[in-house]
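Analysis of the macromolecular model
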Amino acid sequence: MKLLQYMLQRFVMYLLILFIGITITFFLPRLMPGDPISNYISQVQARAGQSLSAEATQQLRDSLAELYGLQGDLFTQYTNYIGRVVRFDFGPSFTYYPEPVSNILLDALPWTAGLLIMTTLLAWLIGNGIGLIAGYYNKRRAAAALEIVGILLYPIPYYILALVVILVFAYWLALFPLSPTFLPGPMSWSKSVSIIHNSFLPALTLVLAGFGWNVLAMKALAVATKEDPYVQFARLKGTTDRTRMTQYVFRNAMLPQITALILSLGFIFNGAIQTEVIFSYPGIGMTMRAAAGAGDYNLLYGSIILTIFAVATVTLVLDLIYPLFDPRIRLGG
Amino acid sequence: MIRLDNIVASYTTQRGQVNAVDGVTLEIPDSIVMGIAGESGCGKSTLMKVLYGDIGFPLSLRSGSVEYGLTNERSEPVTTDNIRREWFRHISYIPQSSMSSLNPVVRICDQFVDFPATAGRKKEVLAQVRGFVQKLGLPPESIDAYPHQLSGGMRQRIMVAMATFFQPEIILADEPTTALDVVVQKSILLLLLELQREMGNTILLVSHDMGVHYQVTDKMLIMYAAKAVEYADTDDIFQNPLHPYTLMLTNSLPTIGDDRARRGLPGSPPSLWEPQKGCRFAARCPIAADRCRREEPPLVEYTRGHFSACHFAGDVAGLKETLQAGPKLSEVAHDPSRLMSDLEADR
């Protein structure tokens, strides 16, 4: 009963977050100065090198307004907009006309989601693993050395780390390509190998950038948790270090870290832009940057909404599985 | 029989070594409940740690060892050196903080079988555990619960069940009922006693509560400033103490029919950092003489099984009357500020 209530609460929250995010996305550009249609028309005119007739301009203006959903008053626009979001229809891309925005996004999404979710989880696992060992054996020298890994990696800005990795692995050692080239065609063994090979460098930088923090946080949690009475009692029962480290210290210390994971998954699309631009990786980040550079409003809208949707969904999923880790939420007190 | 031979246990601190247990020699007969009493910092818990073999930084055993009168699987005698391997097989431990001694995110049944003693036969053990907890007054399915779903009393019963399930010869209980209310406290103590009578194990019980000691224990050890000052049958401790500290400790207990105000013990124990000379209780002792300040009294057997470390053990009986001559409670006005003036006097 309590669990059902919890899940229902989370789901309502999820819908609310989506609604608020989508609404902000609608109003924010409308608060900015400038008019996308006029921008576009002046671009076209500049490119064409001659001015269009007044009727032609007006015609163009009307069809663009329809395309962008800019007809009618603000409320009509808003309801139309919500309807389109629900249908996942953002109109055609402007840069790749007449390719629909939704197609472009669906092509790019697996790249970004695959890379970033994988690396965030990997960074979490490796970081917390190292942090756990460093914290559990905090009186040993080797454990202190493990912590130094975290302390050294944590403050390096991502772009510097990425450039160093490129320099070392793509330029000096030339083990991995500088920018990825993916084989076309259907999924096959050689294609998956090439994907892994080509994605290795961006993945490596993301893991390196992500896990330092996890090491430090988990170490601090593990040091505190291992002094808790239930861990001390387990020691007096004669349990092995391994049992205590995994079943006692980790099972308890990971709870705040799971919360941190949920929060960091919310930020993965921020990382996407940096990573994908540095490594020319064909994901949502690149698409967003290209769209922003070319004034492709539909595509930009679509990618932002997709981002909101993805982040909210990941958070919901993690919220829903959280009771698996903490029975106190599952069954109440 | 458990033999302690001149145990000196010390803590390493930034100020140097401090002996929290300083030369305790004892023999504890099998199948009894032995109580250990004394004020905070007297070395009770340290002695328990030494007995349990839980010796590790900052605690170290500087001299002596414990013989448990047991033999292990390889039929070697069990001593301080190898007692760790017998944890929860031959010696078990009931912790003070039962409320927080269970892992909050793991089912209780998994915590029953997560140590090497049950390796390879977890299912079988759990089936027996279900029957066992039922005997202890818990529903068998309570071990499928998480700790937060049980009440404090149930949790302490679980702790007792864990400590007794493998039928260890020795059970150490460090203030097992301190965190519980008196009703639950009584039921837990009765349960522990019942199991002890049935299994015939030795229970070593640390408690601040002299009432608990009086009701539960067969023998008692009184500690003061890292020393054993008196060791005797519980009846003797209460009726016929041979150390002034014991007398003053038991005298603080209210007696039905006697409504005279209880007198506290002024002063505080000596700092263990300072070098000790003579009897450690001398500064607070009403019958201390020059000899007490010069010469340390050894723990001597005065009558059969009754040990005391006092030069004037024979004079303690006479002290009883003078100590009890307080004003009647009914004649003393209720006045909380008296506590403050007592504190002032202590300084």
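Nothing here was measured: the structure is a model prediction, and the numbers come from that model.

**Some thoughts on the interface of chain B and chain A**
Contact residues are listed per partner, giving 25 residues for chain B and 23 residues for chain A. Of the roughly 2,000 Å² buried where chain B meets chain A, counting both sides, 61% is carbon and sulfur surface. The largest contributions to the chain B side of the interface with chain A come from B:Val105, B:Asp114 and B:His148, which together make up 28% of the buried area. Where chain B touches chain A, the interface holds two salt bridges.

**Comments concerning the domain arrangement of chain B**
All names here are of chain B. The domains assigned to chain B are domain 1 (2-217) and domain 2 (223-346). Domain 1 and domain 2 are separated by 29 Å when their C-alpha centres are compared. At the junction of the two partners, domain 1 supplies 30 residues and domain 2 supplies 21 residues. In total, domain 1 and domain 2 occlude about 1,900 Å² of area from one another, counting both sides; carbon and sulfur atoms represent 62% of this. Per-residue buried area on domain 1 facing domain 2 is highest for Glu 39, Met 210 and Tyr 214; these three make up 30% of the total on that side. Taken together, the connections running from domain 1 to domain 2 amount to two salt bridges. For Asp 22, the salt bridge is made with Arg 280, and the minimal N-O distance between the two is 2.8 Å. Where domain 1 touches domain 2, the interface holds nine residue pairs in polar contact (both at pLDDT 80 or more). Ranked by the residues each element gives to the side of domain 1 that touches domain 2, the list is headed by strand E2 (residues 16-28), at twelve residues. Counted by class, the side of domain 1 that touches domain 2 contains 14 nonpolar, eleven polar and five charged residues.

**Some details on the nonpolar core**
All names here are of chain B. The biggest cluster of nonpolar side chains holds 79 residues, and the ones touching the most others in it are Leu 4 and Phe 112. With seven residues, helix H4 (residues 152-165) is the largest single contributor of residues to this core. For this core, the two domains that each supply at least three residues are domain 1 (2-217) and domain 2 (223-346). Apart from residues lying up to four places away in sequence, Leu 4 is in contact with Val 24, Thr 25, Leu 26, Ile 28, Leu 47, Leu 51, Ser 65 and Val 66.

**Comments concerning the pairing of E2(B)**
All names here are of chain B. Pairing geometry for strand E1 (residues 2-13) and E2, over ten bridges, is antiparallel. In the strand pairing of E2, Tyr 11 is matched with Val 18. Between E1 and E2, which follow one another and run antiparallel, lie two residues.

**What about the layout of surface pockets?**
Taken as a whole, the largest pocket encloses approximately 1,300 Å³ of empty space. Listing elements by their share of the lining of the largest pocket, those giving two or more residues are helix H9 (229-237) and helix H10 (241-265) of chain A together with helix H1 (44-52) of chain B. Of the residues forming the lining of the largest pocket, the biggest block, seven residues, is contributed by H9(A). Classifying every residue of the lining of the largest pocket gives 18 nonpolar, nine polar and 14 charged.

**A look at the domain arrangement of chain A**
Residue and element names in this part refer to chain A. You can read the domains of chain A as domain 1 (2-86) and domain 2 (103-331). Taken together, the contact between domain 1 and domain 2 spans 21 residues of the former and 17 residues of the latter. Between domain 1 and domain 2 the total buried area reaches about 1,700 Å² when both faces are included, carbon and sulfur atoms providing 71% of it. Counting every contact that joins domain 1 to domain 2 gives one salt bridge. For Asp 319, the salt bridge is made with Arg 10, and the minimal N-O distance between the two is 3.2 Å. Taken together, domain 1 and domain 2 are joined by three residue pairs in polar contact (both at pLDDT 80 or more). Going through the elements one at a time, helix H1 (2-31), helix H2 (36-48), helix H3 (54-68) and helix H4 (74-86) are the ones with two or more residues in the side of domain 1 that touches domain 2. Ranked by residues supplied to the side of domain 1 that touches domain 2, first place goes to H1 with 15 residues.

**Concerning empty space enclosed by the protein**
In this approach the atoms are scanned with a rolling probe the size of a water molecule, which exposes any empty space left behind. Counted by the stated rule, this structure contains three cavities of 30 Å³ or more. What lines the largest cavity is a set of twelve residues, among which A:Tyr68, A:Tyr81, A:Arg84, A:Phe90 and A:Tyr301 lie closest to the centre. Contributing elements (two or more residues each) for the lining of the largest cavity: H4 and helix H13 (297-325) of chain A. Among the elements that take part in the lining of the largest cavity, H4(A) stands out by supplying five residues, more than any other. Of the residues assigned to the lining of the largest cavity, the class counts are five nonpolar, four polar and three charged. Lining the second largest cavity, in full, are B:His243, B:Pro244, B:Cys279, B:Phe281, B:Ala282, B:Cys285, B:Ile287, B:Ala288, B:Cys292, B:Cys310, B:His311 and B:Phe312. Split into classes, the residues belonging to the lining of the second largest cavity amount to ten nonpolar, two polar and no charged.

Rules and cut-offs
Residues numbered from 1 in each chain as written. Chains lettered and ligands numbered in written order. Predicted model: local features only at pLDDT ≥ 70, side-chain atom pairs only at ≥ 80, totals over all residues. Heavy atoms only, no water. Contact = heavy atoms within 4.5 Å. Buried area = accessible area lost by both parts, 1.4 Å probe. Salt bridge = Lys/Arg side-chain N within 4 Å of Asp/Glu carboxyl O. Domains from an automatic or database assignment. Polar contact = N/O pair within 3.5 Å; in protein donor to acceptor, adjacent residues only side chain to side chain. Helix = DSSP H or I, 4+ residues; strand = E, 2+ residues; numbered from the N terminus. Nonpolar A, V, L, I, M, F, W, Y, C, P; charged D, E, K, R; others polar. Core = buried A, V, L, I, M, F, W, Y, C linked by side-chain atoms within 4.5 Å. Buried < 20%, exposed > 50% of the residue type's maximum accessible area, 1.4 Å probe, protein only. Pairing = 2+ DSSP bridges. 1 Å grid on protein atoms, 1.4 Å probe; cavity = no way out; pocket = protein on both sides within 12 Å on 5 of 7 lines; lining within 4 Å. Points joined across faces, edges and corners; volume = space filled by probe spheres on them.

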